[in-house]
Amino acid sequence: MSSSSAVPAAKPPIRDALVAAAFRLFLERGFEQTTVDDIVALAGVGRRSFFRYFPSKEDVVFPDHEGCLADMTAFLAASGPEHEPVRRVCDAARLVLRMYAENPAFSVQRYRLTRQVPGLRAYELSVVWRYERALAEYLRGRFAGRPDGTLRADVIAAAVVAAHNNALRSWLRSDGAGDAGAAVDHALAYVQMTYARPTDAPAVWSGPAGAGPEPAGDVVVLVSRRDAPLWRVVQELETVLDRP
C-alpha cells in the first residue's frame, strides 16, 4: 500500500530571500539598527551570499533598479529614426513605472522606508540620476548637430524624470491606490506637448500601447517671435487650448 506525503514548498531564490529578510528586519528594528549579519541569519545564508548579490545594505532596498536600467538602455538603443525622440524617452520612463506597479505593496513599503532614512533618500537620488543620464545620452544622439542640442536633451530628460516621479510619488503616497499608469501618462503627455516638435514626429501616429489612431481634432497654428523664450510659447499655446 503506497502512501503520499505533502511536497514541501520550494524555497525562494537566495536573492529574493535576502530582500524579504532585509525588509522584515528594517520594519521591525529600523534600517540603521539592522546589520548584514542580521539579514543573512534570518535568510539562512552566509555573508558571502549577501555580497554576491548586493554590494551594500543600501542596495538590497533597491534590488530591481539595475535590471530596469539595463532594460531602459536596451530599449533606447533599439530606437530608430522613425521614433519621435521625446515620445521615445517618455516610453522608456514607463518601464520604471511598470517595475514599481508589478509589486505595489513592496513599492509602497520601500517608499516609506526611504522617507525615514536620509541615507536611503540620497541613494535613491543617485539611482534617479542614472535614469536621467540614460535618457539624456539618447537624446543627445538624436539632437546632435542642432543648435542647443545638448541643452535641449538635458532639459527634456530632466523634465521626463520630474513628470514621471511627480505622478509616481503621488501614487506611492496614496498607498498604491488608483491607476498609476494613467497618472504617469497624464504627466508625460504634458512633457510631450511642451517639447516634442512636429518635425520630429513619425509620419504615422502609433498612439499609446494598445490604443488606436489619434482622433481627428482642430489644428492650432501659433505664431510667435523666434527669440521668444520657450516658457512664453508654451504659455501662449496653453491659453489657446483652454479657450472654448
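First, a word on what this report is: a plain description of the structure on this page. Computed from a predicted model, the values in this text were never measured in an experiment. (Residues numbered from 1 in each chain as written. Predicted model: local features only at pLDDT ≥ 70, side-chain atom pairs only at ≥ 80, totals over all residues. Heavy atoms only, no water.)

Quick look at the overall build of the chain
Helix and strand counts for the chain come out as 10 helices and 0 strands. Shown N-terminal to C-terminal, the secondary structure of the chain runs as helices and strands in the order α-α-α-α-α-α-α-α-α-α. When the 244 residues of the chain are sorted by exposure, 37% land in the buried category. For the chain, the proportion of contacts with a sequence separation of at least 24, taken over those separated by at least 6, is 67%. Here the chain displays about 14,900 Å² of accessible surface, and carbon together with sulfur accounts for 56% of that area. (Helix = DSSP H or I, 4+ residues; strand = E, 2+ residues; numbered from the N terminus. Buried < 20%, exposed > 50% of the residue type's maximum accessible area, 1.4 Å probe, protein only. Contact = heavy atoms within 4.5 Å. Areas by Shrake-Rupley, 256 points an atom, 1.4 Å probe, with all protein chains shown as cover.)

Observations regarding helix α4 (residues 65-77)
One full turn of an α-helix is made of 3.6 residues, so residues set three or four places apart face in the same direction. The terminal C-alpha atoms of α4, which comprises 13 residues, lie 18 Å apart, in line with the 18 Å expected from a rise of 1.5 Å per residue. Taken together, the buried positions of α4 are His65, Cys68, Leu69, Met72 and Leu76. Mapping the buried residues of α4 onto a view down its axis gives an arc of 100°, with all of them on the same face. Buried positions along α4 lie against α5 (85-102), α6 (104-116) and α7 (118-142). (Expected span 1.5 Å × (residues − 1). Arc of directions from axis to C-beta.)

On their own, these measurements won't tell you what the molecule is for.
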